[in-house]
Amino acid sequence: MDNLLFLTSTIFMYVLAQTFQSLLMKKLGKVAFLFHPVLVSVIGLILVLVFTHTSYEVYAEGTEGLTFLLAPSVVALGVPLYKEWKKLAAKIGKILITVSFGSLVGILSSILPPLLWGCPPEVIFSLAPRSVTTPIAMNIAQGTGGVPSLTAAVVVATGIFGAVMGPLVLSLLGRIESSVLGIAIGVASHGIGTARALELGEREGAYSALGLCLNGVLTSILVPILYTGANFHWN
Amino acid sequence: MNHSRQIDSSRLLPGIGILFLFLVLGQGVTKLFHLPISGSVMGMVLLSCALGCRMIPLSWVEDASQILLQHLSLFFVPAGVGLLAYREVLRNNWIPIVLAILLGTMVTMLGTAGVHRMLNRTEQDLGSNQEGSNS
């Protein structure tokens, strides 16, 4: 019974948040981007759980059905990717350079704040793989002495922040091509960002999916190298 | 979600079956070769390769993929609510963590976009820029 209640309330909360955003969009224009349904419904549902003294475990069990659909949906990203196939193949070199750079910036920008703050290595390496999807990031954290649960939290927060702020932040660069927008969102904010990119357009989604995928591979190579280097230095 | 084509509902079930098939394949490949990426991401790569090599026609998976991707954001909501469970882990060192998330994400995005745009321009600056179809 409870199970169905949480699944149902999640769907309705999301639909409500979507309606809320489209109303705001008419009134406020681009500022309404900040009220993305993911952000609004997550905050709404957290408040519901807090006020009803429900533990997350109970909620998670009830919404397993939605989470279950994530994996086949990520596979489904292969379709927009294929549709851009020819264009992507023609500039794969540029894409690789871009994602390598983005991957390095992503790791360094995650490491620097905790390093300068004097955090212990396990916190630093929990944050390092922040920009890639949860299962990949947790894997990296596990292998480099990080705390996987901290990584999971930071990855989700990064995804939501990137999805909500991405298009606004990138508008700082002026007029921007769909491919550039997509790849930047995918590299910096993985799956949640890619979901957002798809809402902007299929091409944005395809580039974002490629960014997510390549950054997943690169980050899982680079962070362990960095870890080995740091260990060598510390010992 | 501005790419809504007419969906043929009779194609949904076989399409979803194929997506799960590629998920299983992706999981198998990552396990077999001990690859660091997740099974679903591998499945995505395998699916686009299979479409690219014409091993399966686009029409088999297009509708199922569209219907799942239209609601991709929704499927991330339970994970987002999971932040509630991580209160304790996030409480210690929250300042550098918040800085890494906010500044780090913005810097990564702007840096990636900047480099990709620069690389795009170095070659096609003189040609007509046909790619600016921002919806």
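Residues numbered from 1 in each chain as written. Chains lettered and ligands numbered in written order. Predicted model: local features only at pLDDT ≥ 70, side-chain atom pairs only at ≥ 80, totals over all residues. Heavy atoms only, no water.

Draft legend 1. Molecular detail of the domain arrangement of chain B. Entries for chain B in the domain assignment read domain 1 (7–75) and domain 2 (79–123). Spacing between the C-alpha centres of domain 1 of chain B and domain 2 of chain B amounts to 28 Å. (Domains from an automatic or database assignment.)

Draft legend 2. Region of the structure containing the nonpolar core. Ranked by size, the top nonpolar core spans 82 residues in total, and within it Tyr59 and Ile95 of chain A together with Leu47, Ile56, Leu72 and Val81 of chain B carry the most contacts. Of the residues forming this core, the biggest block, 9 residues, is contributed by helix H11 (residues 148–170) of chain A. The next biggest cluster of nonpolar side chains, apart from the first, holds 11 residues, and it includes Ile176, Ile185 and Leu200 of chain A together with Ala113 of chain B. (Core = buried A, V, L, I, M, F, W, Y, C linked by side-chain atoms within 4.5 Å. Buried < 20%, exposed > 50% of the residue type's maximum accessible area, 1.4 Å probe, protein only. Helix = DSSP H or I, 4+ residues; strand = E, 2+ residues; numbered from the N terminus.)

Draft legend 3. Just the interface of chain B and chain A, in detail. The interface of chain B with chain A comprises 75 residues on the first partner and 103 residues on the second. Buried surface at the junction of chain B and chain A, summed over both partners, amounts to about 8,100 Å²; 75% is from carbon and sulfur atoms. In this assembly, chain B and chain A are joined by 1 salt bridge. Where Glu62 of chain B meets Lys83 of chain A, a salt bridge forms, and the shortest distance between an N and an O atom there is 2.7 Å. Applying the counting rule to chain B against chain A returns 13 residue pairs in polar contact (both at pLDDT 80 or more). Only helix H1 (12–32), helix H2 (39–52), helix H3 (58–69), helix H4 (72–75), helix H5 (77–81), helix H6 (87–91) and helix H7 (94–124) of chain B provide two or more residues apiece to the side of chain B that touches chain A. For the side of chain B that touches chain A, a count of residues per class yields 45 nonpolar, 25 polar and 5 charged. (Contact = heavy atoms within 4.5 Å. Buried area = accessible area lost by both parts, 1.4 Å probe. Salt bridge = Lys/Arg side-chain N within 4 Å of Asp/Glu carboxyl O. Polar contact = N/O pair within 3.5 Å; in protein donor to acceptor, adjacent residues only side chain to side chain. Nonpolar A, V, L, I, M, F, W, Y, C, P; charged D, E, K, R; others polar.)

Draft legend 4. Examining the side chain of Arg196 of chain A more closely. Note on placement: Arg196 of chain A falls in helix H12 (residues 178–200). At 3.3 Å, the side chain of Arg196 of chain A and the backbone oxygen of Ala163 of chain A are in polar contact. In contact with Arg196 of chain A, not counting residues within four places along its chain, are Phe33, His36, Ala163 and Pro167 of chain A together with Ser73 of chain B.

Draft legend 5. Summary view of the pattern of salt bridges. Taken as a whole and judged by the stated rule, the model has 5 salt bridges over all chains. Here Lys83 of chain A and Glu202 of chain A are joined by a salt bridge, their closest N and O atoms 3.1 Å apart. On the criterion of sequence distance, the pair formed by Lys83 of chain A in helix H6 (residues 78–83) and Glu202 of chain A in helix H13 (residues 202–234) is long-range, its members being 119 residues apart. Classification of Lys83 of chain A as partly exposed rests on a relative accessible area of 33%. Taking the shortest distance from any N to any O, the salt bridge between Arg203 of chain A and Glu84 of chain A comes out at 3.3 Å. Here Arg203 of chain A is found in helix H13, whereas its partner Glu84 of chain A is found in the loop between H6 and helix H7 (85–90), with 119 residues between them in sequence. Overall, Arg203 of chain A belongs to the buried group, its relative accessible area being 17%. On the basis of relative accessible area, Glu84 of chain A is assigned to the buried category, the value being 10%. Salt bridges here are not isolated pairs; linked through shared partners, they connect Lys83 and Glu202 of chain A together with Glu62 of chain B.

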